[in-house]
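Examining the three-dimensional arrangement
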Amino acid sequence: MPKYVYRFSEGDKDQKDLLGGKGANLAEMTRLGLPVPPGFTITTDACRAYLADGTVPDELAVQVTTALREMEEELGRQLGAPEDPLLVSVRSGAKFSMPGMMETVLNIGLNDESVLGLAEASSDARFAWDSYRRLIQMFGKTVLDIDGDHFSERLDAKKAERGVTLDYELDVEALKELVAEYKSVVLEYAGIEFPQDPRAQLDMATEAVFRSWNTERAHIYRRREKIPHDLGTAVNVCTMVFGNMGETSGTGVCFTRDPSTGRSGVYGDYLVNAQGEDVVAGIRNTLSLADLKTLDRTSYDELRSAMRRLETHYRDLCDIEFTIERGKLWLLQTRVGKRTAAAAFRVATQLVDEKLITMDEALTRVTGDQLTQLMFPQFEHTGDNEVLTRAMPASPGAAVGHIAFDNAEAIARTEAGESVILVRRETNPDDLPGMVVAAGVLTARGGKTSHAAVVARGMGKTCVCGADQLEVDAAARTVRVAGRDDLVLTSEDVIAIDGQTGEVFLGEVPVSDSPVMTYLRRGLEEALDAAGNVDTRELVTSVDRLMRHADKVRRLQVRANADTPDDARHAIHRGAEGVGLCRTEHMFLGERKQFVQNLILASTEEERDNALAALLPLQKGDFIQMFETMNGKPMTVRLIDPPLHEFLPDLTELSVKVALDRERGTLDPADEELLAVVRRSHEANPMLGLRGVRLLLTMPGLIELQVRAIAEAAVERLKAGGDPHPEIMIPLVGSVRELQIARERAEAVLREVSGESGYKLDFPIGCMIELPRAAVSADTIAEEADFFSFGTNDLTQTTWGFSRDDVEGVFFKEYLDYGVFGVSPFETVDERGVGRMVRLGVEHGRATKPNLKMGVCGEHGGDPESIDFFHRVGLTYVSCSPFRVPVARLEAGRAAIFYPSSQED
Ligand code: PEP
Ligand code: MG
């Protein structure tokens, strides 16, 4: 019989697939002997079985009973018993943390009888009735899908009636009344009595957690975080311990290092006399851990020692949720903590310096996505902008935009092309859609562990929180600033938020390079000189150390896709080792379009030669500049790829013009002729039409023009003492014969120019592999190729049989929802389909030529996950946009550590 239930003492931290992250870590802490309340985990297998069948597997009930009885025996108490009842929490916990996405129900086991037993056992009737009303509220909302407002309205009314403002100021009688009212809410809106059977509560809560895997907000979160939809969640059932048992109790969250800077020390929030969700919701302002030290030295010391133990054990920054129940510390959760990108780099090298991890491991602790975040620009502090307030810097970056007060506004305005900052009093999981689209998030309440802060950090979105000087009135759509009665901000106003300093500015603020960008552009010394403080210097140094280590260990070379000298320069500054794709189509655009038209319209050889002759010096000039920039480094020049009609006027526009001119009697015969050509060259599916090598072979003089321009430019550079390394690349090859013809014609030109100039010009000639036919016949194509470059853009289009322009905006959202793909195949290479094509191409190609150089130049060349694949499949290099070059270097280094044995040969 499948094992669906694991006691905390049975699992360990490596069982995240089965027990979820939270369950696996609870098990690990239990194994370490840390104070974890007893409990058990229901596996993700059980959830998946539930999601597949719509019912809980039969074995589960039996196994839960066994685990529960063992727990009851261990504690000497029984779930929901009338005397001294055992109460449990039920929490979701998937493999990947999804903060605030799924459900939690606390105080399971309370009913009309056991509430009295709890009152007696705790000698605190107020606490017992408060726990009961919390259970009904959470259960009603989470398990019975009752709108939470029905409960909070009753709570607010009760506080108003009693003349108090805070929840804990309600007395026992008020809470008893509230429990009765809540029960009637349940009856009214769910049509059932609030279940009195503790086991029924437990089972219903478990099922609700399973169901919560498929809520819309969980789907959105997973899509964004690229978490597969089929993992399911585990359910953790844990003995309740109470942070709301008076002044010697409390609950908190702490980090072993600062999750926003990486600085080592004690960071956390603590709330006296409160339950866990009070901290995360950011409803009350919290104390710091230093305050806890003065309040309860024993628990503080015990917590500090647990923190150190966990950090040493996990050899990483951990975050920990804890509760102190009447002076006794309990650990409720730990995990390797989410952190900002800057903290990730700093913590990684700090741990190396503390000899807790090696440089190789450090490289696995940072990601290309984090590096990307650090490359984002920052505000330029000119002092011109009014600082509205300074609050908690919760997630870094610089965001500017109009104020948006809710999801609907944020979505509508971003769709209309505006940048918005989502401004809320505090956020909760319902605000996720707005957070996803907004440039940044600003909240008036909550600390570094509030929902807004945790979720924004996870998304890499700029966030400032706890701006308590701001009064956000979402209903009136206004923001007022304390002490500034004259100022009322509305959706019309632009604000800027700084995720590093916590500053909120009024109006647009100009942005400049981040320190990491300064480092990447100008090197370590200049970046250190420019760094304003120790933290920035440490960050830049960490990035430098890790980048250098990545360069040392990586096997993949990194090149850039660059068509202009400017792009090429940027790429070199960021560490590119060559150009992997110089698209030459732009050389036919602008004023040169006229020559291309002349070429297409040419009816005699002379006319054609004239058009080509006009283009030659222009293209040669372009190549000279590129070779000069790339001096000494390889540069793959791809001959023209798009269909020629892209260089002709638009069919509809020209048809209208010709029709109008004809009517007016002003028709130019040349226009009529042009229209005939445009009509003739119009294609139903241009992506699959006369382009690439097909065009090069059928349009007389085109290959010769381009190869001559390359060769003559190279000669010019050689004469000037330069060191040009062109590689000539033929696009869209499907058959070896195509490449053979193109090659012969290119070689003939090279020989000619060689003869004319006296320089030896034996440049490599290769082709793109971007059609399935090319991939599957790569063994024969390799006979004529000096190198391959996989064009995964076209290879994705042609393997799937859809064109990017036609499908991406049309049905990809539905396909992602259906799970046809977890992420767009244009973003991350589809390993099972397109990836297999690449693999075939590599294997066949190398079967013919074992040392054949192979790269990739589709956009996937800069995508972290795809780079990992390209490493594993044994490519020689990836080529990506200049901005992505550092990311590719880092990811190539990481791939080499994760897959050390993946060698080219
Ligand atoms: C490709 O197809 O992957 C490629 C790099 O070529 P292009 O995007 O220019 O078609
Ligand atoms: Mg292509």
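What you are looking at is a predicted structure, and each value in this text was computed from that prediction instead of being measured.

The next point concerns the overall build of the chain. Scanning the chain for helices and strands turns up 36 helices and 31 strands. Over its C-alpha atoms the chain spans a radius of gyration of 33 Å, differing by no more than 12% from the 29 Å that the globule rule assigns to 905 residues. For the chain, the spread of C-alpha atoms along the principal axes amounts to about 105 × 65 × 60 Å. The burial tally for the chain puts 56% of its 905 residues in the buried class. Partitioning the intrachain contacts of the chain with sequence separation of at least 6 by distance along the chain shows that 69% fall at a separation of at least 24. Roughly 36,600 Å² of accessible area belongs to the chain as shown, and the carbon and sulfur atoms make up 49% of that amount. The positive charge centre, built from 102 side chains, and the negative charge centre, built from 144, are 4 Å apart in the chain.

Taken together, the protein ligands of the magnesium ion (ligand 2) are Glu770 (OE) and Asp794 (OD), with distances of 2.0 to 2.1 Å. Taken as a pair, Glu770 in the loop between strand 28 (765-769) and helix 30 (772-776) and Asp794 in helix 32 (residues 792-800) lie far apart in primary sequence, 24 residues in all. Neither residue differs from the other here; Glu770 and Asp794 are each classed as buried.

Our next topic: the UniProt feature "binding site: substrate" (unreviewed entry) in the chain. In the numbering used here, UniProt assigns the feature "binding site: substrate" (unreviewed entry) to Arg583, Arg638, Glu770, Gly791, Thr792, Asn793 and Asp794. By the element assignment, Arg583 lies in strand 25 (residues 579-583). If we skip the residues at most four places from it in the chain, Arg583 touches Asp563, Arg638 and Asn793. Positionally, Gly791 belongs in the loop between strand 29 (787-790) and helix 32. Beyond its immediate chain neighbours, meaning those up to four positions away, Gly791 contacts Met768, Ile769, Glu770 and Gly858.

Accessible area lost upon the coming together of the parts is a frequently used measure of interface size. Once the domains are mapped, the chain shows domain 1 (5-239), domain 2 (250-339), domain 3 (377-513), domain 4 (554-641 + 696-898) and domain 5 (644-682). Look at where the C-alpha atoms of domain 1 and domain 5 centre, and you get two points 71 Å apart.

Looking at the second largest pocket, its volume works out to about 890 Å³. For the second largest pocket, the lining is made up of 43 residues, of which Gln378, Pro396, Gln500, Pro515 and Leu539 are closest to its centre. Elements with a contribution of two residues or more to the lining of the second largest pocket: helix 13 (341-353), helix 15 (368-374), strand 11 (378-379), strand 13 (392-395), strand 14 (398-404), helix 19 (515-522), helix 20 (524-530) and helix 21 (534-553). Sort the elements by how many residues they give to the lining of the second largest pocket and helix 19 lands first, with four residues. Taken together, the residues of the lining of the second largest pocket sort by class into 18 nonpolar, 18 polar and seven charged.

A separate point is the pattern of salt bridges. Counted according to the given criterion, the structure contains 72 salt bridges. Residue Glu177 pairs with Lys158 through a salt bridge whose shortest N-O separation is 2.8 Å. Note that Glu177 is positioned in helix 7 (residues 172-190) and Lys158 in helix 6 (residues 148-162), a separation of 19 residues in sequence. By relative accessible area, which is 3% here, Lys158 ends up buried. Linked by salt bridges that have partners in common, Arg126, Asp130, Arg133, Arg134, Lys159 and Asp167 make up one network.

With that out of the way, let us pick up the pairing of strand 20 (residues 484-489). The pairing of strand 19 (residues 478-481) with strand 20 spans three bridges and is classified as antiparallel. For Val479, the partnering residue across the bridge sits in strand 20 and is Leu489. Hairpin connection of strand 19 to strand 20: two residues between the antiparallel strands, including Gly483 at a positive phi of 80°.

Take the pairing of strand 26 (residues 634-638) next. With five of five residues buried, strand 26 lies mostly within the body of the structure. On strand 26, burial covers both faces: Pro634, Thr636 and Arg638 on one face and Met635 and Val637 on the other are all buried. The pairing of strand 25 with strand 26 spans three bridges and is classified as parallel. Each residue of the ladder has a partner; that of Arg583, found in strand 26, is Arg638. As judged from the five bridges shared by strand 26 and strand 27 (residues 725-730), these two strands associate in the parallel manner.

Turning our attention to the sheet that holds strand 8 (residues 287-288). Reading across from one edge, 8-7-6-9-10 is the order of the five strands in this open sheet, with antiparallel pairing throughout. Across the chains shown, the open sheet's two edge strands, defined by having one partner strand only, are strand 8 and strand 10 (328-336). Where strand 7 (residues 264-272) meets strand 8, two bridges bridge the pair, whose relative direction is antiparallel. Its bridge partner lying in strand 8, Asp269 is registered against Ser288. Relative to the sheet, helix 12 (residues 297-314) contacts strand 6 (250-257), strand 7, strand 9 (318-325) and strand 10, its axis offset from that of strand 10 by approximately 25°.

Let us now look at the side chain of Ser89. If you trace the backbone, Ser89 turns up in strand 3 (residues 88-94). Leave out the neighbours within four places in its chain, and Ser89 touches Val105, Leu106, Asn236, Val237, Cys238 and Met240.

A few words on the nonpolar core. Ranked by internal contacts, the top residues of the largest apolar core, which has 84 residues, are Ile730 and Phe788. Looking at this core, the element that brings in the most residues is helix 28 (residues 702-719), giving 10 residues. Setting aside residues no more than four positions away along its own chain, Phe788 makes contact with Cys767, Ile769, Ala778, Ile781, Ala782, Gly841, Gly845, Leu852, Lys853, Met854, Gly855 and Tyr877. Of all hydrophobic cores here, the second largest spans 58 residues; its members include Leu68, Leu86, Val105 and Leu202.

Here helix 24 (residues 605-629) spans 36 Å end to end across 25 residues, near enough to the 36 Å set by a 1.5 Å rise per residue. Along helix 24, the sharpest change in direction is near 25° and occurs at Leu616; proline Pro617 comes one to four residues later. Every buried residue belonging to helix 24 is among Ala611, Leu612, Leu615, Leu616, Gln619, Lys620, Asp622, Phe623, Met626, Phe627 and Thr629, and all of these are buried.

Let's shift gears to the site of ligand 1. In the vicinity of ligand 1, the residues found are Leu581, Arg583, Arg638, Asp641, Met768, Glu770, Gly791, Thr792, Asn793, Asp794, Cys857 and Gly858. In the environment of ligand 1, an oxygen atom lies 2.8 Å from a nitrogen or oxygen atom belonging to the backbone of Asp794. Relative to its free-state accessible area of 290 Å², ligand 1 is covered by the protein chains to the extent of 88%. Sorting the residues of the shell around ligand 1 by element identifies strand 25 and helix 32 as the ones contributing at least two each. With three residues, helix 32 is the largest single contributor of residues to the shell around ligand 1. Counted by class, the shell around ligand 1 contains three nonpolar, four polar and five charged residues.

Conventions and cut-offs
- Residues numbered from 1 in each chain as written.
- Chains lettered and ligands numbered in written order.
- Predicted model: local features only at pLDDT ≥ 70, side-chain atom pairs only at ≥ 80, totals over all residues.
- Heavy atoms only, no water.
- Helix = DSSP H or I, 4+ residues; strand = E, 2+ residues; numbered from the N terminus.
- Rg over C-alpha atoms; globule rule 2.2 N^0.38 Å.
- Buried < 20%, exposed > 50% of the residue type's maximum accessible area, 1.4 Å probe, protein only.
- Contact = heavy atoms within 4.5 Å.
- Areas by Shrake-Rupley, 256 points an atom, 1.4 Å probe, with all protein chains shown as cover.
- Lys, Arg positive; Asp, Glu negative; His and termini not counted.
- Charge placed at Lys NZ, Arg CZ, Asp CG, Glu CD.
- Donors = N, O, S within 2.8 Å, 3.2 Å for Na, K, Ca; no water.
- UniProt positions renumbered as here; feature names shortened; annotations may be inferred.
- Domains from an automatic or database assignment.
- 1 Å grid on protein atoms, 1.4 Å probe; cavity = no way out; pocket = protein on both sides within 12 Å on 5 of 7 lines; lining within 4 Å.
- Points joined across faces, edges and corners; volume = space filled by probe spheres on them.
- Nonpolar A, V, L, I, M, F, W, Y, C, P; charged D, E, K, R; others polar.
- Salt bridge = Lys/Arg side-chain N within 4 Å of Asp/Glu carboxyl O.
- Pairing = 2+ DSSP bridges.
- Axes fitted to C-alpha atoms, helices over the stretch in contact; angles between N-to-C directions.
- Core = buried A, V, L, I, M, F, W, Y, C linked by side-chain atoms within 4.5 Å.
- Expected span 1.5 Å × (residues − 1).
- Bend = angle between axes of the 7 residues up to and from the residue.
- Near = heavy atom within 4 Å.
- Polar contact = N/O pair within 3.5 Å; in protein donor to acceptor, adjacent residues only side chain to side chain.

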